[in-house]
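Listed below are the residues making up each chain.
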Amino acid sequence: MSFFFEKKDKTNRRFIEEIILENYNQYYRLAYSYVHNESDAGDIVQNGAYQALRNAHTLKEPEYAKTWLYRIILNECFRYVKQQKPLSYEALLEQTGFESGSSEDSYVNIDLQRALDALPDKDKAIVILKYFEERTFEEIAQILDENVNTVKTRLYRSMDKLKKYLADTH
């Protein structure tokens, strides 16, 4: 009996490894959207990959593996963000490589990033998954373990908040 579980665990690990390698850039972009730092984003993805491989035996339905991995990466992002103190405007400029005399596009990007950062973690995740990762409402609902209608409502509220924030900064 234990042989069966060991074999399934190895199969799950290989399957998860393949998904991580195929989708690494997406996981990295997701992490980067939270931490705005290349090395920290890489660490988050590595920690998430480690957690996924370590817990491969808990994956019951392989068709949900991508969703399961997104949830792990998001949880790593949330954990990291909770540990960090917020950056000052000057630190954000330094970290992103923008200078005060940069083009207007840089300011728009910074304003958008600041607006996204002002959202609660799950609301920010919904916006990023929908508009930057181009996930469907159903996929987002699975990733966040939420009802599809809840995801839609939170997305529309978040978009209103973003519009107001950006209107107030310009």
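These numbers come from a predicted model, not from an experiment.

Criteria and cut-off values
Residues numbered from 1 in each chain as written. Predicted model: local features only at pLDDT ≥ 70, side-chain atom pairs only at ≥ 80, totals over all residues. Heavy atoms only, no water. Helix = DSSP H or I, 4+ residues; strand = E, 2+ residues; numbered from the N terminus. Buried < 20%, exposed > 50% of the residue type's maximum accessible area, 1.4 Å probe, protein only. Polar contact = N/O pair within 3.5 Å; in protein donor to acceptor, adjacent residues only side chain to side chain. Contact = heavy atoms within 4.5 Å. Phe/Tyr/Trp six-rings, centres within 6.5 Å; stacked < 30°, edge-to-face > 60°. Lys NZ or Arg CZ within 6 Å of the ring centre and 35° of its normal.

### Quick look at the side chain of N12
Right, on to step 1. Along the chain, the position of N12 falls in helix α1 (residues 2-35).
Right, on to step 2. With a relative accessible area of 5%, N12 lands in the buried category.

### Details of the side chain of S158
Right, on to step 1. By secondary structure assignment, the location of S158 is in helix α8 (residues 148-169).
Right, on to step 2. Among the polar contacts made by the side chain of S158, one reaches the main-chain carbonyl oxygen of R154 at a distance of 2.7 Å.
Right, on to step 3. Those residues within four positions of S158 in sequence are excluded, and the remaining contacts are L119, D123 and V127.

### A look at the packing of aromatic side chains
Right, on to step 1. In this structure the tally under the stated criterion is 5 aromatic pairs.
Right, on to step 2. Ring centres of Y34 and F78 lie 5.8 Å apart, and the angle between their planes is 75°; this geometry places the pair in the edge-to-face category. Placement of the pair is Y34 in helix α1 and F78 in helix α3 (residues 65-83), with a sequence separation of 44 residues.
Right, on to step 3. Taking NZ or CZ as reference, K124 lies 4.2 Å from the ring centre of Y34, over its face.
Right, on to step 4. The ring of F137 has K130 lying over it, and the distance from NZ or CZ to the ring centre is 4.3 Å.

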